[in-house]
Amino acid sequence: MKRLFLLSILVLFVVNIQAETASQLQEKLRAAQAEIEQLKTKIATMQAQVDTARAASQQPPTSPLDQALGVAHPIVTAYEIASYSESDPTAVKDLLRGKVVSVTGAIDRFSEGFGRGFKVFFNTNGSPIQVGGDFNAASSVRSTYTAEDGAEMVVEDEKKGKFTLAAINDKVVISGFFDRVTRRQILLNNCVLQKQ
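These notes cover the structure that comes with them. Computed from a predicted structure; not experimentally measured.

## Examining the pairing of strand β7 (residues 161-167)
As judged from the six bridges shared by strand β6 (residues 152-157) and β7, these two strands associate in the antiparallel manner. Following the sheet pairing, D157 is matched in β7 by G161. In this structure, the hairpin formed by β6 and β7 is closed by a connection of three residues.

Put into structure tokens, the structure is as follows:
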């Protein structure tokens, strides 16, 4: 009898533990499902933001080619001039030959030029055409080089000392003479840079 009593208590205890564990597991499952739904909502919101940003960055230029580039001193965004060059590089060349052009946008990268010169390239929002400016260093410049793993262009000048000219993602205006347009690149030369 004692054995039967102990056995029935043990069975009730195991059943009670299993029932409690099952209810706890069901509660955890409900909490996890609610968290998954919240994450799905956040992902959908983020995806909508990404889609909106992608669509905005892929907009065609705001002005027709001849209207934007057919003026004495064209001022265009890096994305616009890259888009124009993608669609009609010959027209871009004809419209810009012999002109000073100003291009606005964010810096994507730097490149070494000849001697103390260097090049600055714009972010063109996914366009395969690179837009850049070729800079000739003034006679007082001892050297130019990139720092911070290529993130900054540093100038060492006899008069001004050492300073950072610009950094990646800086918003700038680069003005220079139109040099060339190819299937992959638009380049200005004898450029000057102004931060926005």
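## Section: the pattern of salt bridges
A full pass over the atoms with the stated rule returns five salt bridges. The salt bridge involving E27 is made with R30; its shortest N-O contact spans 3.3 Å. Within this pair, E27 and its partner R30 are both found in helix α1 (residues 2-57), separated by three residues, close to a single helical turn. Judged by relative accessible area, which is 47%, R30 ranks as partly exposed. Two residues, K40 and E37, come together in a salt bridge whose shortest N-O distance is 3.7 Å. Within this pair, K40 and its partner E37 are both found in helix α1, separated by three residues, close to a single helical turn.

## A closer look at helix α3 (residues 78-87)
Counting buried positions over the 10 residues of α3 gives eight, a clear majority of the element. Where α3 is concerned, the buried positions are A78, Y79, E80, I81, A82, S83, Y84 and S85.

## Focus on the side chain of K99
Note that K99 resides in the loop between α4 (89-96) and β2 (100-112). A distance of 2.7 Å separates a polar atom in the side chain of K99 from the backbone oxygen of V71. Among the polar contacts made by the side chain of K99, one reaches the main-chain carbonyl oxygen of L95 at a distance of 3.2 Å. Every residue in contact with K99, bar those within four places of it in the chain, is listed here: L69, G70, V71, A72, P74, G176, F177 and F178.

## As for the nonpolar core
Ranked by size, the top nonpolar core spans 31 residues in total, and within it L69, V103, V120, I174 and L193 carry the most contacts. For this core, the secondary-structure elements that each account for two or more residues are α2 (65-69), α3, α4, β2, β3 (118-122), β4 (130-135), β8 (171-181) and β9 (185-195). Look past the residues within four positions of V103 in its chain and what remains in contact with it is V76, T77, A78, F122, V131, V172, V173, I174 and L188.

## Quick look at α4
Since one α-helical turn is 3.6 residues long, residues separated by three or four positions face the same way. Of all the residues in α4, the buried ones are A91, V92 and L96. In a view along the axis of α4, the buried residues occupy a sector of 115 degrees, so they form one face of it. Close packing links the buried residues of α4 with α2, α3, β2 and β8. One or two steps after α4, the chain reaches G98, where phi turns positive at roughly 80 degrees.

## Quick notes on the pairing of β6
Of the strand pairs in this sheet, strand β5 (residues 141-147) and β6 are connected by six bridges, and their pairing is antiparallel. Counterpart to A147 in the pairing with β6 is E152. Two successive antiparallel strands, β5 and β6, enclose a turn made up of four residues, where E148 displays a positive phi of approximately 55 degrees.

Parameters and conventions
- Residues numbered from 1 in each chain as written.
- Predicted model: local features only at pLDDT ≥ 70, side-chain atom pairs only at ≥ 80, totals over all residues.
- Heavy atoms only, no water.
- Pairing = 2+ DSSP bridges.
- Helix = DSSP H or I, 4+ residues; strand = E, 2+ residues; numbered from the N terminus.
- Salt bridge = Lys/Arg side-chain N within 4 Å of Asp/Glu carboxyl O.
- Buried < 20%, exposed > 50% of the residue type's maximum accessible area, 1.4 Å probe, protein only.
- Polar contact = N/O pair within 3.5 Å; in protein donor to acceptor, adjacent residues only side chain to side chain.
- Contact = heavy atoms within 4.5 Å.
- Core = buried A, V, L, I, M, F, W, Y, C linked by side-chain atoms within 4.5 Å.
- Arc of directions from axis to C-beta.

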